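Report on the structure
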Amino acid sequence: LMLLVLPLTPVPASRPRLARNRRVFYAKTYANFKKLAETVVPTAIEMQELGGCPLAGPLMVDLRFFSRRPKKTTLQFPRYDTDNAAKAALDCLQGEDRLFLNDSQVVALTATKAWAEPEQEGWIEVRVEPYWTDDEFRGGMYASPDDTDS
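Residues numbered from 1 in each chain as written. Predicted model: local features only at pLDDT ≥ 70, side-chain atom pairs only at ≥ 80, totals over all residues. Heavy atoms only, no water.

A closer look at a nonpolar patch on the surface
- On the surface, Leu18, Val24 and Tyr26 cluster together into a nonpolar patch covering about 290 Å² of accessible area.
- With respect to the element layout, Leu18 can be found in strand β2 (residues 17-18). (Patch = residues over 30% accessible without salt bridge, like charges linked within 9 Å, V, L, I, M, F, W, Y side chains within 5 Å. Areas by Shrake-Rupley, 256 points an atom, 1.4 Å probe, with all protein chains shown as cover. Salt bridge = Lys/Arg side-chain N within 4 Å of Asp/Glu carboxyl O. Helix = DSSP H or I, 4+ residues; strand = E, 2+ residues; numbered from the N terminus.)

So, the environment of Leu50
- Its location among the elements puts Leu50 in the loop between α1 (28-47) and β4 (59-67).
- Residue Leu50 is classed as buried on the basis of its relative accessible area, which comes to 16%.
- Linking Leu50 and Leu3, residues 47 residues apart in sequence, is a C-alpha distance of 8.5 Å.
- Leu50 has contacts with Met2, Leu3, Leu4, Ile45 and Leu99, leaving out every residue within four places of it along the chain. (Buried < 20%, exposed > 50% of the residue type's maximum accessible area, 1.4 Å probe, protein only. Contact = heavy atoms within 4.5 Å.)

With respect to the side chain of Glu125
- Mapped onto the secondary structure, Glu125 falls in strand β6 (residues 123-130).
- Assessed through its relative accessible area of 15%, Glu125 is described here as buried.
- Here the side chain of Glu125 touches Arg127 through a polar contact of 3.0 Å, side chain to side chain.
- When residues no more than four places from it in sequence are discounted, the contact partners of Glu125 are Leu3, Leu4, Val5, Asp62, Leu63, Arg64 and Phe66. (Polar contact = N/O pair within 3.5 Å; in protein donor to acceptor, adjacent residues only side chain to side chain.)

Some points on the pattern of salt bridges
- A complete count under the given rule lists seven salt bridges for this structure.
- Note that Asp62 and Arg64 form a salt bridge whose closest N and O atoms lie 2.7 Å from each other.
- A salt bridge links Arg98 to Asp97; its shortest N-O distance comes to 3.2 Å.
- What makes Arg98 buried here is its relative accessible area of 11%.
- Residue Asp97 is classed as partly exposed on the basis of its relative accessible area, which comes to 45%.

Remarks on unusual backbone geometry
- Cis peptide bonds are those with omega within 30 degrees of zero, and the linkage from Cys53 to Pro54 qualifies with 0°.
- Although it is not a glycine, Glu49 adopts a positive phi angle of roughly 50°.
- Its place among the elements puts Glu49 in the loop between α1 and β4.
- You can call Glu49 exposed: its relative accessible area is 71%.
- If you check the backbone angles, Glu119 has positive phi at about 70° while not being a glycine.
- You can see Glu119 is positioned in the loop between β5 (106-115) and β6.
- Residue Glu119 is classed as exposed on the basis of its relative accessible area of 58%.

Taken by themselves, the reported measurements are silent on function.
Next comes the structure, spelled out in structure tokens:
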């Protein structure tokens, strides 16, 4: 299991929009998030001494988003869509100097969101491990006597 903690405030991915000049752009908060992630992600991987990156093969990813709590809120959880925050996080984790080469490697994904403690900035926790198919699981160290070919 590999754990990466990113000092990034979670932001949901926005849909691409088309300007009058026919150029594609993203919402400013998402564009700023992507730009900041370009330096934060490789630095965090290096500082947390996560060797073997980018990871290869199919992966299971668990994303945990902690957002800064507003001074006054009645909401139990942050308002953004969790699936859009997962999309934004996966986008910034892929590449040659990132956690994995392509987010298409992610075959199992869980994502949760919560408020950070009062006065605490937001962050993202990423847990990654190799994905084991049923055949690999049965033939490996977890094989039961019924699974062996004898």
